[in-house]
Amino acid sequence: MLGVCYYPEHWPKERWKEDARRMREAGLSYVRIGEFAWALLEPEPGRLEWGWLDEAIATLAAEGLKVVLGTPTATPPKWLVDRYPEILPVDREGRRRRFGGRRHYCFSSTAYREEARRIVTLLAGRYGGLEAVAGFQTDNEYGCHGTVRCYCPRCQEAFRGWLEARYGTIEALNEAWGTAFWSQRYRDFTEVELPHLTVAEPNPSHLLDYYRFASDQVRAFNRLQVEILRAHAPGKFITHNFMGFFTDLDAFALAQDLDFASWDSYPLGFTDLMPLPPEEKLRYARTGHPDVAAFHHDLYRGVGRGRFWVMEQQPGPVNWAPHNPSPAPGMVRLWTWEALAHGAEVVSYFRWRQAPFAQEQMHAGLHRPDSAPDQGFFEAKRVAEELAALALPPVAQAPVALVFDYEAAWIYEIQPQGAEWSYLGLVYLFYSALRRLGLDVDVVPPGASLRGYAFAVVPSLPIVREEALEAFREAEGPVLFGPRSGSKTETFQIPKELPPGPLQALLPLKVVRVESLPPGLLEVAEGALGRFPLGLWREWVEAPLRPLLTFQDGKGALYREGQYLYLAAWPSPELAGRLLSALAAEAGLKVLSLPEGLRLRRRGTWVFAFNYGPEAVEAPAPEGARFLLGSRRVGPYDLAVWEEA
């Protein structure tokens, strides 16, 4: 199904009925409202004005539309901030952040938690039983604008309590953090401060625990809302809209309390912010990189335990990227179908009408500010018409698992050891290589079962816990580990047995030295897979194994023991493609050499082909294939769907 984000409070009431009618006629089914409306619902402390929201919901329901109601906690009103100024967060530089934007609250503020509890209870009590309200979205984009990690006195107090609960004694903390270094030893938990504004870099173990704590605080705040909604709105779904390329919080953990995950898809903005080669950015400036949206669909399907929505789909130019081009004609339709191909239950466009005022007035909607339909409207309407004639098959398990770990992103943010090292960059490199081979991917957390997968890719997993090690043992196909896997303990120390730490139970090797290489300094590795200039990162390995790839100085770059492989270097795209292709062939998977810009995704027996390029390409469909959409010739920014035998 399709949906849209709508802000009735932005528009005169006389427009609402017409808007609702046109939504229905366009084939939309869901409408998200209310997530930024606290000041309109409660203009003064204790004075609630529900009438306008009652009317808005009734107007939408009269057209058969289902409402997703947002809890309004992302934007506490000015009177609340004035009453409790301590709810405002403090940034890394120790500066109090101010009212006038959004997300201006601290997750550790007890005063704010109580105010959030109050408004969510009132909202759920009033609307939780309405048939028109299908479900709730908690808050909005947790962590946006750098708001997961706060440095206020309330966070410091809460962090100390979190540490005491984790370690029990200050002696255990000192041992875990290695505070003998630089005379950092603490006598009591009350001496521990937040890890910022230090003269030299903070202790990495201290930082990692703070990042864990901050993520836990977001989850606790979300759970507070979920418990209220479960009590007052039984039978209604609860979700949250996560963001793209965002790792400050552990979405796998937070989503355990949700019915499914949602995310906000803005392919052009994300592509503009990615560290891609200039020519690649230009090629995909109006389409988004072919793997940006797909990666997040697969990630949040995993986060949502098999279920996800796209709560906000880009319909035109956005306002927040360094550059904001217009999508190429056809791309809004293509993005929608790609989300559905990856298993999205609903794709909801942001937003119904472009606002002519305030911070997002340059952000396009399905309609222009004068209410005339924009390009995205016609493409969304076309998808609705196409969907009406088709019955999508269920989503099956993909053949390849990619293990994704938020904690790994934190560890490499804290100690990258090389300016170009990026956990997300490494993950994306492997993911994109798999997609270029025409392979479908499930993104799973460490410890998730790998049974039933032809093979698994672990781009990097610095902390290998027992449950993850057990999942690797039970894997039925090859498992490829990327560099720095098993390189840290739970407390951010080098394992006593040296990296890859616990993985030595699977691979008899030791990493005895690592080096990060400046751009342009390349080391050639060669072997049966070919010859590959490699840069950015390499490791010196001692092992009784014969390497599958060897550097020119005789040191190994790739090792294998049974079904397990260890890559001791940052792979080039060519090496990643060659290696993954070999593993796929070994596992009996068919791989393809897709044209630049063409990507595939299977849903049941259906195969979707998406052309991100400016030239027509041939779909790799078998002879006699029955096409459900499009044809063998896939035009620029177009798609085709056919059914496999």
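Here the structure is a predicted model, which is why all the values come from computation and not from measurement.

1. Description of the overall build of the protein
- Within the protein, the regular secondary structure consists of 18 helices and 26 strands.
- Expected size for 645 residues packed as a compact globule is a radius of gyration near 26 Å; at 25 Å, the protein falls within 12% of this value.
- Taking the principal axes of its C-alpha atoms as reference, the protein extends roughly 75 × 75 × 40 Å.
- Residues classed as buried in the protein amount to 59% of the 645 residues present.
- Considering only intrachain contacts with a sequence separation of at least 6, the fraction spanning at least 24 residues in the protein is 71%.
- Of the charged side chains in the protein, 69 are positive and 80 negative, and the gap between their average positions amounts to 2 Å.

2. Describing the packing of helix 16 (residues 423-436) against helix 18 (residues 573-586)
- For the pair helix 16 and helix 18, interaxial distance at closest approach is 9 Å and the crossing angle is 55°. By the angle between their directions, the pair helix 16 and helix 18 is classed as oblique. You can see that helix 16 and helix 18 cross each other, and the crossing is right-handed. Here helix 16 contributes L429, F430, A433 and L434 to the contact with helix 18, which in turn contributes P573, A576, G577 and L580.
- Of the residues that constitute the contact of helix 16 with helix 18, the class distribution is seven nonpolar, one polar and no charged.

3. Some thoughts on the sheet that holds strand 24 (residues 626-629)
- With antiparallel pairing, the four strands of this open sheet are ordered in space as 21-22-26-24. Strands with a single pairing partner mark the edges of an open sheet, and in this sheet they are strand 21 (598-603) and strand 24. In this sheet, adjacent strand axes meet at a mean angle of 30° when their direction is disregarded.
- As paired strands, strand 21 and strand 22 (residues 606-611) are joined by six bridges and run antiparallel to one another. Looking at the pairing, L598 lines up with N611 of strand 22.
- Along the sheet face, helix 13 (residues 331-341) touches strand 21, strand 22, strand 24 and strand 26 (639-643) and points at about 150° away from the line of strand 22.

4. Concerning the pattern of salt bridges
- This model, assessed by the stated rule, comprises 56 salt bridges.
- Of the charged contacts, one joins R47 and E44 as a salt bridge, the two residues approaching to 3.4 Å between their closest N and O atoms.
- Overall, R47 belongs to the partly exposed group, its relative accessible area being 34%.
- Since its relative accessible area comes to 44%, E44 is described here as partly exposed.
- Ionic pairing is found between E596 and R436, a salt bridge with its closest N-O pair at 3.3 Å. With E596 in the loop between helix 18 and strand 21 and R436 in helix 16, the pair connects residues that are 160 residues apart, well separated along the chain.
- Linked through salt bridges whose partners overlap, the residues forming this network are R166, D209, R212, E407, R465 and E490.

5. Brief notes about the sheet that holds strand 10 (residues 400-403)
- Pairing is mixed across the open sheet formed by nine strands, whose spatial order is 11-10-12-13-20-19-18-15-16. Of all the strands in the sheet, the pair left with one neighbour each is strand 11 (441-444) and strand 16 (530-534). For this sheet the average axis-to-axis angle between neighbouring strands, irrespective of direction, equals 20°.
- Two strands pair when backbone bridges link them, and strand 18 (residues 549-551) and strand 19 (residues 556-561) are joined in this way by two bridges, in the antiparallel orientation. When the bridges of strand 19 are listed, T550 appears paired with G556.
- Here helix 16 sits on the sheet and contacts strand 10, strand 11, strand 12 (455-458), strand 13 (479-481) and strand 20 (564-567); the angle it forms with strand 10, its principal contact strand, is near 175°.

6. A look at the environment of V400
- The residue V400 is located in strand 10 in this model.
- Judged by relative accessible area, which is 0%, V400 ranks as buried.
- Sequence-wise, V400 and F455 are 55 residues apart; in three dimensions their C-alpha atoms are separated by 5.5 Å.
- Contacts of V400, omitting those with residues within four sequence positions, involve L434, L439, D440, V441, D442, Y453, F455, V457 and L589.

Definitions and cut-offs
Residues numbered from 1 in each chain as written. Predicted model: local features only at pLDDT ≥ 70, side-chain atom pairs only at ≥ 80, totals over all residues. Heavy atoms only, no water. Helix = DSSP H or I, 4+ residues; strand = E, 2+ residues; numbered from the N terminus. Rg over C-alpha atoms; globule rule 2.2 N^0.38 Å. Buried < 20%, exposed > 50% of the residue type's maximum accessible area, 1.4 Å probe, protein only. Contact = heavy atoms within 4.5 Å. Lys, Arg positive; Asp, Glu negative; His and termini not counted. Charge placed at Lys NZ, Arg CZ, Asp CG, Glu CD. Axes fitted to C-alpha atoms, helices over the stretch in contact; angles between N-to-C directions. Parallel < 35°, antiparallel > 145°, perpendicular 65-115°, else oblique. Left-handed = near helix turned anticlockwise from the far one by under 90°. Nonpolar A, V, L, I, M, F, W, Y, C, P; charged D, E, K, R; others polar. Pairing = 2+ DSSP bridges. Salt bridge = Lys/Arg side-chain N within 4 Å of Asp/Glu carboxyl O.

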